[in-house]
Amino acid sequence: MKKLGLILCALVLFSSSAWADAKDTLQQRLAKMDGFYAQFKQTVKTADNQLVQEGKGEIWLTRPYYFNWLMTEPDETEIISDGETVWVYTPMVEQVTATWFKDIVDNRFLLLLTDNESQVWNNYQVNRRQDQFDLIPTDDSSQRFVITILPTGMISNFTIVEEDGQNSFYDLSHQKMGAVDAKKFQFTVPANVTLDDQRQ
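Residues numbered from 1 in each chain as written. Predicted model: local features only at pLDDT ≥ 70, side-chain atom pairs only at ≥ 80, totals over all residues. Heavy atoms only, no water.

Ranked by size, the top nonpolar core spans 35 residues in total, and within it L26, L135, I147 and I155 carry the most contacts. Counting residues per element, this core draws most heavily on helix α2 (residues 108-114), at 5 residues. In contact with I147, other than residues within four places in its own chain, are L26, L30, F109, L113, D131, Q132, F133, L135, I155, N157 and F158. (Core = buried A, V, L, I, M, F, W, Y, C linked by side-chain atoms within 4.5 Å. Buried < 20%, exposed > 50% of the residue type's maximum accessible area, 1.4 Å probe, protein only. Helix = DSSP H or I, 4+ residues; strand = E, 2+ residues; numbered from the N terminus. Contact = heavy atoms within 4.5 Å.)

So, on to the environment of E58. Following the sequence through the fold, E58 ends up in strand β2 (residues 51-62). On the accessibility criterion, E58 (24% relative accessible area) is partly exposed. Taking the C-alpha atoms as reference points, E58 and Q39, separated by 19 residues in sequence, lie 4.3 Å from one another. Residues within four places of E58 in sequence aside, it is in contact with Y37, A38, Q39, F40, N68, W69 and L70.

The next thing to look at is the pairing of strand β9 (residues 144-149). For β9, the tally of buried residues reaches 5 of 6 residues, placing the bulk of the element in the interior. Bridge analysis of strand β8 (residues 132-137) against β9 gives 4 bridges, and the strand direction is antiparallel. Looking at the pairing, F133 lines up with I147 of β9. Counting the residues that bridge the hairpin from β8 to β9 gives 6 residues. With 6 bridges connecting them, β9 and strand β10 (residues 155-161) associate as antiparallel partners. When the bridges of β10 are listed, R144 appears paired with V161. Connecting β9 to the next strand, β10, in antiparallel fashion are 5 residues, including G153 with a positive phi near 100 degrees. (Pairing = 2+ DSSP bridges.)

Mapped onto the secondary structure, R29 falls in helix α1 (residues 2-31). Classification of R29 by relative accessible area gives buried; the value is 7%.

To find leftover empty space, one rolls a probe the size of a water molecule over the atoms. Using the criterion set out here, one finds 1 cavity of 30 Å³ or more in the structure. When its volume is computed, the largest cavity comes out at roughly 40 Å³. The wall of the largest cavity is formed by L26, L30, F109, L112, L113, W121, L135 and I147. In terms of residue count, α2 provides more of the lining of the largest cavity than any other element does, 3 residues in total. Residue composition of the lining of the largest cavity, grouped by class: 8 nonpolar, no polar and no charged. (1 Å grid on protein atoms, 1.4 Å probe; cavity = no way out; pocket = protein on both sides within 12 Å on 5 of 7 lines; lining within 4 Å. Points joined across faces, edges and corners; volume = space filled by probe spheres on them. Nonpolar A, V, L, I, M, F, W, Y, C, P; charged D, E, K, R; others polar.)

Purely geometric numbers; function is a separate question.
Encoded structure:
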């Protein structure tokens, strides 16, 4: 029994170490992504693999805290972080929502991509299989993430998996690493657009 107990302890310690190593490796690779641009194709499917939606768009990132996520199809939506405020602009309904960056909870994936120091990392266990990293929540979050990132910091694809099994797969292309024009992270509310300001 003592030997069995030692084996179990060793397995637990090994598993914890493996999770820590996987998280460290992922963070080290993300840290190389000072600036990043890519086009993406989105495929959304249900848990039983039924197609829900297809889309496309572009993404720009500058670590830490800055991102511009532009969905061009099927409907245009733009999510921009200027480092302090996150702007969500939907031209079709002529509305913009403004939220403090520190308060966003629905875009955890973008927080993880842009900030190695974010407390959100404490809520995820990371498993690794070569260049693919599986981020599994350890709190009550409903989202799991899978990201394929090369040792150079280049992201190939990622998946956002909801609690009900629906998954959104983003296949990246035309990736570029390097400085991004700061104007990509600036936003001015257009005329005749309703502002829902939640920064109170």
